[in-house]
Amino acid sequence: GATLVAVSGQRVLTVTGNMDSSTHIENLTFTGGLAAGGAGGGIHLEPGATPLLQSVVISGNAAVLGGGLYAYHSIVANDLTVVNNSASTGGGIYVQDAITINGGSVQTNTSASSGGGVYAGALFSNTTHFDSVTLAGNTASSGSGGGAVLGNIVYMTSTTVANNIASNGNGGGR
């Protein structure tokens, strides 16, 4: 697939408007994004935008919330790779609502506070589904959830959680 590189000092992609999972973002790499003072350095999904992410790589992005990916509502992703992103909260992914990842990895992301890999469920009651996901090598520098801070109900199937670091609280997840 194609690689989308951000214009200097900008995020790579902002998705606005109402759409559901019948809209696909597929076979793309998002890199080099910066949302200084904002959310989603790689991809920012605004309220109402819930496209399906299919075979997407999000790497080398930074923001205040969700260095790689920020979603206001629920998100479903198949074959998602989120690596080497950074943020104040949710180094790799920050989702206000539910998140489902079917296959992929969230690795070597960094958060200055909590949720080095994933921070989910901040706004709404939610359910997290991880199936065949590797959540490893993520860091929460001054908070908890080196791997993830997840909301109410969590389902993990064939998922590896390893080598995540949190300086305050649980390392693997919370």
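That block above? That's the structure.
What this report covers is the structure whose coordinates are included nearby. Bear in mind that the values here come from a model prediction, so they are computed numbers and not experimental data.

### Things to note about the overall build of the protein
Assigned secondary structure in the protein consists of zero helices and 20 strands. With respect to the three principal axes, the spread of C-alpha positions in the protein is 35 × 30 × 30 Å. Burial statistics for the protein: of 174 residues in total, 49% are counted as buried. Long-range pairs, those at least 24 residues apart, make up 76% of the contacts in the protein between residues at least 6 apart in sequence. Only carbon and sulfur atoms are counted for the fraction: they give 48% of the accessible area of the protein, which is about 6800 Å².

### Points about the nonpolar core
Judged by nonpolar contacts, the single largest core of 29 residues is most densely connected at L80, I93 and V118. Those residues in contact with V118 that sit more than four places away from it in its chain are I93, V106, F130, L135, G147, A148, V149 and L150.

### Considerations on the environment of A63
With respect to the helices, strands and loops of the structure, A63 is situated in strand β7 (residues 62-65). Residues A63 and V76, 13 residues apart in the sequence, show an inter-C-alpha distance of 21 Å. Setting aside chain neighbours within four positions, we find A63 in contact with A35, G38, A39, G40, G41, S86, A87 and S88.

### Points about the sheet that holds strand β11 (residues 93-95)
Pairing is parallel across the open sheet formed by six strands, whose spatial order is β2-β5-β8-β11-β14-β17. Only two strands of the sheet have a single neighbouring strand rather than two, namely β2 (13-15) and β17 (148-149). As judged from the three bridges shared by strand β8 (residues 69-71) and β11, these two strands associate in the parallel manner. Opposite Y70, over in β11, you have Y94 as the bridge partner.

### So, unusual backbone geometry
Look at N27: it is not a glycine, yet its phi comes out positive at around 55 degrees. In this structure, S158 is a non-glycine residue whose phi angle is positive, near 50 degrees. By the secondary structure assignment, S158 is in the loop between β18 (153-157) and β19 (160-162).

### Let's talk about the pairing of strand β9 (residues 75-83)
In this structure, strand β6 (residues 52-59) lies alongside β9, joined through seven bridges in parallel fashion. Each residue of the ladder has a partner; that of L53, found in β9, is A77. Alignment of β9 against strand β12 (residues 99-107), held across eight bridges, turns out to be parallel. In the strand pairing of β12, N78 is matched with N102.

### Side note on the packing of aromatic side chains
Per the counting criterion, the structure on display carries two aromatic pairs. Taking the centre distance of 5.8 Å and the plane angle of 20 degrees together, the rings of Y70 and Y94 count as stacked. Of the two residues, Y70 is situated in strand β8 and Y94 in strand β11; the sequence distance between them amounts to 24 residues. Given the relative accessible area of 8%, Y94 is considered buried. Here the aromatic rings of Y94 and Y119 are separated by 5.0 Å at their centres, their planes lie at 10 degrees, and the arrangement is stacked.

### Points about a nonpolar patch on the surface
A cluster of nonpolar side chains, namely V154, M156 and V161, defines an oily patch on the protein surface of about 210 Å² accessible area. Note on placement: V161 falls in strand β19. We classify V161 as partly exposed; its relative accessible area is 36%.

Cut-off values and rules
Residues numbered from 1 in each chain as written. Predicted model: local features only at pLDDT ≥ 70, side-chain atom pairs only at ≥ 80, totals over all residues. Heavy atoms only, no water. Helix = DSSP H or I, 4+ residues; strand = E, 2+ residues; numbered from the N terminus. Buried < 20%, exposed > 50% of the residue type's maximum accessible area, 1.4 Å probe, protein only. Contact = heavy atoms within 4.5 Å. Areas by Shrake-Rupley, 256 points an atom, 1.4 Å probe, with all protein chains shown as cover. Core = buried A, V, L, I, M, F, W, Y, C linked by side-chain atoms within 4.5 Å. Pairing = 2+ DSSP bridges. Phe/Tyr/Trp six-rings, centres within 6.5 Å; stacked < 30°, edge-to-face > 60°. Patch = residues over 30% accessible without salt bridge, like charges linked within 9 Å, V, L, I, M, F, W, Y side chains within 5 Å. Salt bridge = Lys/Arg side-chain N within 4 Å of Asp/Glu carboxyl O.

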